Amino acid sequence: MKKADFIWMSGKFVKWEDAKIHVLNHSLHYGSGIFEGLRAYETPKGPAIFRLPDHMKRFFESAKIYMMKIPYSKETLMDATIKLVKMNKLEQCYIRPLAYYGYGDLRLSPKNCPVEVAIACYPFEYFNPKLVKEGVRCKISSWCRITSIVLPPEAKSSGNYVNSILANLEAKACGYDEAIFENTNGYIAEGPGENIFLVRDGALHTPSTESGILRGITRHTIIQLAHDLGIPFHERAIPREELFTADEAFFTGTAAEVMPIREVDGRIVGDGRPGPITKRLQQEFSEVIHGKSRKYSDWMTPVK
Ligand SMILES: Cc1ncc(COP(=O)(O)O)c(C=O)c1O
């Protein structure tokens, strides 16, 4: 990964190399941390962070689900995030706030461990640009998405992501770019780190929140943009075969942005190229995140 100069750690800006933790950190052993993923983009007014308050809201909601008390206010963490991007002099970057139970006790109960918070940012490219243009090849995972009677998919907790890692490893081992999860009821849920959409007969469809998904902030953005463009939209249970016969399909996420899907389990989606609705939404999304949409300028928090 590419480094930046500073990381915010429990109230202080420390040098990248000095942002260290003890090996008996509770969250390292049990995945008991919670985190967020955000991005800052270059805009005509300098770098700006996309939907910062919404990401911080979800950060605190993830903590609430896990009964973790974050020892800072949302405002303090938002302020620290803005200062951090500024100090690192990055025009564009990925931002990773993390709250974790530190060193103190290795029993399962984290109550004797301090809650620590760190925020890092760094230059970032998730999928290679060729895939963004041409689309990814996906495999329906043999692993099901976690379900709320086991682990809450709506919380962005570190432990949830071992499920995602298993699916991603399997997809890569089978020669695919990315996995797609079904839920335990056999309907499409999401990707390991992305929400999923399909297009059929000019309408947009995505698994509903009952499908066991993270309420993606990019997902919400795309639903809003589709609404503005007059694209009919449906949130519902989607069986896997609908992906095989869809006209278009794509992932959404902070890291993936709007990523076309060109193949699922050996079936070519549409004509195997990003379709017109995917491309239109990619373009609208790009305008919003680069501060070119007046309507959504409130979604951008300027850094300077
Ligand atoms: C499991 C999962 N689903 C969906 C998403 C997309 O969410 P967002 O658009 O808020 O990044 C992510 C990424 O955070 C994720 O990890």
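Residues numbered from 1 in each chain as written. Predicted model: local features only at pLDDT ≥ 70, side-chain atom pairs only at ≥ 80, totals over all residues. Heavy atoms only, no water.

1. Description of the pairing of strand β13 (residues 248-253)
Alright, step 1. Of all six residues making up β13, six are buried, and the element is well covered by its neighbours.
Alright, step 2. Residue alternation in β13 divides its side chains into two sets, Glu248, Phe250 and Thr252 and Ala249, Phe251 and Gly253, and both sets are buried.
Alright, step 3. Note that strand β10 (residues 195-200) and β13 share five bridges and pair antiparallel. Pairing of Asn195 across the sheet is with Thr252, part of β13. (Buried < 20%, exposed > 50% of the residue type's maximum accessible area, 1.4 Å probe, protein only. Helix = DSSP H or I, 4+ residues; strand = E, 2+ residues; numbered from the N terminus. Pairing = 2+ DSSP bridges.)

2. Quick notes on the pairing of strand β4 (residues 38-41)
Alright, step 1. Neither face of β4 is left uncovered, since the one carrying Leu38 and Ala40 and the one carrying Arg39 and Tyr41 both have all their residues buried.
Alright, step 2. Inspection of the sheet shows β4 paired to strand β5 (residues 48-50) by two bridges, in the antiparallel sense. In the strand pairing of β5, Tyr41 is matched with Ala48.
Alright, step 3. A loop of six residues connects β4 with β5, the two strands running antiparallel in sequence, and Gly46 in this loop sits at a positive phi of about 95 degrees.

3. A few points about the site of the ligand
Alright, step 1. Not every one of the 16 residues close to the ligand is listed here, only the nearest: Lys156, Tyr161, Glu190, Thr218 and Thr254.
Alright, step 2. Arg58 is positioned such that a nitrogen or oxygen atom in its side chain is 2.8 Å from an oxygen atom of the ligand.
Alright, step 3. Between the ligand and the protein, one listed contact pairs an oxygen atom with a side-chain N or O atom of Thr254 at 2.6 Å.
Alright, step 4. Surface burial for the ligand is 96%, taken as the share of its 380 Å² of free accessible area covered by protein chains.
Alright, step 5. When contributions to the shell around the ligand are tallied by element, the ones reaching two or more residues are α6 (217-228) and β13. (Near = heavy atom within 4 Å. Polar contact = N/O pair within 3.5 Å; in protein donor to acceptor, adjacent residues only side chain to side chain. Areas by Shrake-Rupley, 256 points an atom, 1.4 Å probe, with all protein chains shown as cover.)

From the geometry alone we can't say anything about function, so treat these as descriptive.
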